[in-house]
Structure formats: structure tokens, C-alpha cells
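# Chain and residue survey
Here's the letter readout for the chains.
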Amino acid sequence: MDYVRLGKSGLKVSRICLGTMTYGDPKWRDWVLGEEESRPFVQRALELGVNFFDTADMYSVGRSEEVVGRALRDFARREEVVIATKVFNPMGKGPNDRGLSRKHIMDAVHASLKRLGTDYIDLYQIHRFDPETPLEETLQALHDLVRLGMVRYIGASSGLAYQFAKSLYLADLHGWTRFVSMQNHYNLVYREEEREMMPLCCEEGVGVIPWSPIARGFLAGNRKGGEAQTVRARSDAFGERLYRTEGDYQIAERTVQVAQQLDVSSAQVAIAWLLQQEGVSAPIVGASKMHHLDEAVDALSVRLSDENRRFLEEPYQPHPVLGI
Ligand SMILES: NC(=O)c1ccc[n+]([C@@H]2O[C@H](COP(=O)([O-])OP(=O)(O)OC[C@H]3O[C@@H](n4cnc5c(N)ncnc54)[C@H](OP(=O)(O)O)[C@@H]3O)[C@@H](O)[C@H]2O)c1
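Here the structure is a predicted model, which is why all the values come from computation and not from measurement. (Residues numbered from 1 in each chain as written. Predicted model: local features only at pLDDT ≥ 70, side-chain atom pairs only at ≥ 80, totals over all residues.)

## As for the overall build of the protein
Of the regular secondary structure elements, the protein holds twelve helices and ten strands. Taken over C-alpha atoms, the radius of gyration comes to 19 Å for the protein, in line with the 20 Å a tight globule of 324 residues would show. Referenced to the eigenvectors of the C-alpha coordinate spread, the extents of the protein come out at roughly 50 × 40 × 35 Å. When the 324 residues of the protein are sorted by exposure, 47% land in the buried category. Taking the intrachain contacts of the protein between residues at least 6 apart in sequence as the baseline, contacts between residues at least 24 apart amount to 78%. (Helix = DSSP H or I, 4+ residues; strand = E, 2+ residues; numbered from the N terminus. Rg over C-alpha atoms; globule rule 2.2 N^0.38 Å. Buried ≥ 20, exposed ≤ 12 C-beta atoms within 10 Å, placed from the backbone. Contact = placed C-beta atoms within 7 Å.)

## Things to note about the site of the ligand
Surveying the vicinity of the ligand reveals 30 residues, the closest of which are Gly-19, Met-21, Gly-217, Thr-230 and Gly-286. Going through the elements one at a time, α7 (231-235), β10 (284-285) and α11 (290-298) are the ones with two or more residues in the shell around the ligand. Here the shell around the ligand is composed, by residue class, of twelve nonpolar, 14 polar and four charged. (Near = placed C-beta within 6 Å. Nonpolar A, V, L, I, M, F, W, Y, C, P; charged D, E, K, R; others polar.)

## Overview of the nonpolar core
By size, the foremost hydrophobic cluster in this structure holds 87 residues, and its most contacted members are Tyr-124, Leu-219 and Ile-271. Those residues within four positions of Ile-271 in sequence are excluded, and the remaining contacts are Pro-213, Ile-214, Pro-283, Val-285, Ala-296 and Ala-299. (Core = buried A, V, L, I, M, F, W, Y, C linked by C-beta atoms within 7 Å.)

## Focus on the environment of Asp-248
Looking at the secondary structure, you find Asp-248 in helix α9 (residues 246-262). Note: C-alpha distance between Asp-248 and Val-280 (32 residues apart in sequence) is 22 Å. Contacts of Asp-248, omitting those with residues within four sequence positions, involve Val-189 and Tyr-243.

## Observations regarding the packing of helix α2 (residues 63-75) against helix α3 (residues 102-116)
Where α2 contacts α3, the axes come no closer than 7 Å and their chain directions differ by 45°. Of the possible angle classes, the one that applies to α2 and α3 is oblique. Here Glu-65, Glu-66 and Gly-69 of α2 lie close against α3, whose contacting residues are Ser-112, Arg-115 and Leu-116. Considering only residue class, the contact of α2 with α3 consists of one nonpolar, two polar and three charged. (Axes fitted to C-alpha atoms, helices over the stretch in contact; angles between N-to-C directions. Parallel < 35°, antiparallel > 145°, perpendicular 65-115°, else oblique.)

## Considering the sheet that holds strand β4 (residues 52-54)
With parallel pairing, the eight strands of this open sheet are ordered in space as β9-β8-β7-β6-β5-β4-β3-β10. At either end of the open sheet lies a strand with only one pairing partner, and these are β9 (207-208) and β10. Alignment of strand β3 (residues 17-19) against β10, held across two bridges, turns out to be parallel. Looking at the pairing, Cys-17 lines up with Ile-284 of β10. (Pairing = 2+ DSSP bridges.)

## As for helix α6 (residues 197-204)
Every α-helix winds through 3.6 residues per turn, so residues three or four apart in the chain are directed the same way. Those residues of α6 that fall on the buried side of the exposure criterion are Met-197, Met-198 and Cys-201. Down the axis, α6 shows its buried residues gathered within 100° of arc, on one side only. Where α6 is buried, its residues contact α5 (161-174), β8 (179-183) and β9. Count one or two residues on from α6 and you reach Gly-205, which has phi positive near 70°. (Arc of directions from axis to C-beta.)

## Topic: the pairing of β8
With respect to burial, β8 is a largely interior element, five of its five residues being buried. With four bridges connecting them, strand β7 (residues 151-157) and β8 associate as parallel partners. Across the sheet, Ala-156 pairs through a bridge with Met-182, a residue of β8. The parallel pair β7 and β8, bridged by α5, forms a crossover whose chirality is right-handed. (Right-handed = clockwise from strand over helix to strand, strands pointing away.)

## Observations regarding unusual backbone geometry
Of note in this structure, Ser-60 is not a glycine but carries a positive phi near 50°. Summarising the element assignment, Ser-60 is placed in the loop between β4 and α2. Accessibility expressed as a C-beta count within 10 Å gives 26 for Ser-60, which makes it buried.

## Some points on the environment of Gln-277
Its place among the elements puts Gln-277 in the loop between α10 (266-275) and β10. Between the alpha carbons of Gln-277 and Glu-307 there is a distance of 15 Å; along the sequence they are 30 residues apart.

## Description of the pairing of strand β6 (residues 121-126)
Where a strand is regular, its side chains alternate between the two sheet faces. By the criterion of burial, β6 is predominantly enclosed, with six of the six residues buried. Sheet analysis places strand β5 (residues 82-87) next to β6, joined by four bridges and oriented parallel. Within β6, the residue paired with Ala-84 across the bridge is Leu-123. A crossover connection joins β5 to the parallel β6 through α3; in handedness this β-α-β unit is right-handed.

## Some remarks on the environment of Ala-215
Examined against the element boundaries, Ala-215 turns out to sit in the loop between β9 and α7. Between the alpha carbons of Ala-215 and Tyr-243 there is a distance of 7.5 Å; along the sequence they are 28 residues apart. Discounting chain neighbours no more than four positions away, the residues touching Ala-215 are Asn-187, Val-189 and Tyr-243.

Next up, the structure:
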């Protein structure tokens, strides 16, 4: 396993982060695994040297944090792992059960700590920006969490570059804790982040940890028009909305071709492409079968040539903003 600093922070993370949206409660989404099925993935990831685990309060409505927290307590020392979770999405029906107000952030962090069974969160991320809360209120609340020792670092996920730039500016202006990472939607079939967000993160020393590096399985080579071959392919409505243009299918096809040339899997080509993009610290991969995890880690040794990269990138057509 390779480890890198998360942006210019001192925090060292494995270059593969295990995304844990797949682990929790199958009642939440058909493709989610229950606790007993999920635990071996956490254990195997640790064996492979993965120290970085990403969850969110909303995944399986809290169950993902419980399952992952328990598995990490059982299989790892707290100090050796980097636990990332998120706040923003609704966790109840009330008007204050969501968003990034000081009130909800304070309630949400307590609830996440309890579910994870830990005294502190390594990386606390805003899942989205909240148009109904002043950015200053959110940033000050997050800064207070760091000062209280409940949170060690803060990060953001999917927003517009101006919102993220403004957050960094406000933090500097007021001496508040800065975001160290950006968890964005970035993969071979969604590259709009290259316009503004990636250059901003590189310039500011913010670590980029892209979500859905395999485009939710779309780049795995088994999602060809109509023949849904896995539970997720059949039931991931959000994924279907994101990836479906002619260019997307051409890129998926080319990913398969490059994989055949290099004698690796399509998923590995998708991950390797991201690992070679400037500014990317660690793609956050999803794994529903054990070989997914091993392949993701092995993707660290897959080198794509300039020619491979040009071939993969050529059919890309600009997309509307997706996943924000
Ligand atoms: N911040 C956000 O808004 C946000 C949004 C989405 C995700 N995330 C984070 O990102 C993580 C990853 O998201 P994701 O699950 O969508 O990521 P992904 O890595 O793009 O997709 C994972 C899916 O790809 C397929 N796959 C993976 N490896 C494979 C292999 N070697 N061979 C064949 N198929 C393979 C599997 O599909 P099948 O199950 O169909 O086999 C798997 O479920 C989440 O767990 C979460 O932590 C964050």
C-alpha cells in the first residue's frame, strides 16, 4: 500500500479509501450488504493496508456508521485508522434534522460519534453546501468541533468551486480551521471537475478524494445497455441518471479494451486513471464482492501510458453538472 499526505495536511492516508455506502442495511438500498456480509470487507481492507474509511450519517440511515465503527473497533487499533464521515443530508423529519446549521452540526456529530463508537472523527465532511445556512455559521461550528477535539480535520464534498474557494478564504480571514479535502464526483465519464475544482484544489493544497471512481460500476465492463448483471446494476437508480450518454458508453467500451491490452480489469483501469490525475490523493472505491477490494489495491501498480490515457479520454463530451 502507498500512503500520501491528505493535501498539505499532515494526515497520512492510504491511496485507496474504502467507501462504505455499500455496508449497512439492505432495506435502505437493494444493493447494500448487511452487517455480517460487510464485516469481512473491512477486515480485508485492513489486511491490504487500507487505513482510510469513508462513511456518512445518511448511509443506511446511520447503520453504515454502526457497522463500520464496530468492525473497525474489532479489527483495528483506533490510532491506525482514519475514519471519515459526513453531515448534511436529512436524518429525520424535523426542519433541524438536516443541513449545516450550528444546531444540526452539533447534534449530528454527537450522533455520528455514538454510532461509530469512537471519541473523535478523523475527517468530518460536509456532504453538500447548505443554501439555507450562512457559510460563516457552518465554518465556525466546524472549527469549534476541532477545538473541542471531537473532530481532527474537516473536509467538504461536491459543491461549486466558488463555494469551496469562499470557504477557504473565510477560514483564512477568521483564523478558522480550513478544509483539507474535497470529496467530489470525478471519474473517466464525469470530468467537469477539471474546469475549476481540480485546479483550485491543486493550487490550495487540498487533497482530492473522488467518489464513485468506477462510476458506480458503469466502468466495470458489465453494464452494457440493458443487460443488468449485478444487483446494483439493476437497482441503482441514481447511477442510471448519471451515466448514459453515447460518449459515456464509448468510454466504458474503451476502458474494457485498455483493460484487455494490459491484462487487468476495467475497474482497475478506471481507478488507475484517477490515481494518475494530478491532485488526486485517494479514490473512494466501493466493493460489493471481495475481489473488488483486492483489484482496487492492485490498481496502484497499473501504469497507463500517455497513449492509453488519450484513447480513454478522447470520446469525452462535456456533461451538465451532475451529482452536486
Ligand atoms: N460524497 C458523495 O456525495 C458520495 C456519493 C457517492 C459515493 N460516495 C462515496 O464513494 C464510495 C464509493 O462509491 P461507489 O460505490 O459508487 O463507487 P464505485 O467504486 O464507482 O462503484 C462501486 C461498484 O463498482 C463495481 N465494482 C467495483 N470494483 C469492481 C471490480 N473490480 N470488478 C467489477 N465491478 C466492480 C461494483 O458494482 P456491483 O456491486 O454492481 O458489482 C461496486 O458496487 C461510497 O461508498 C461512498 O463512501 C460519496
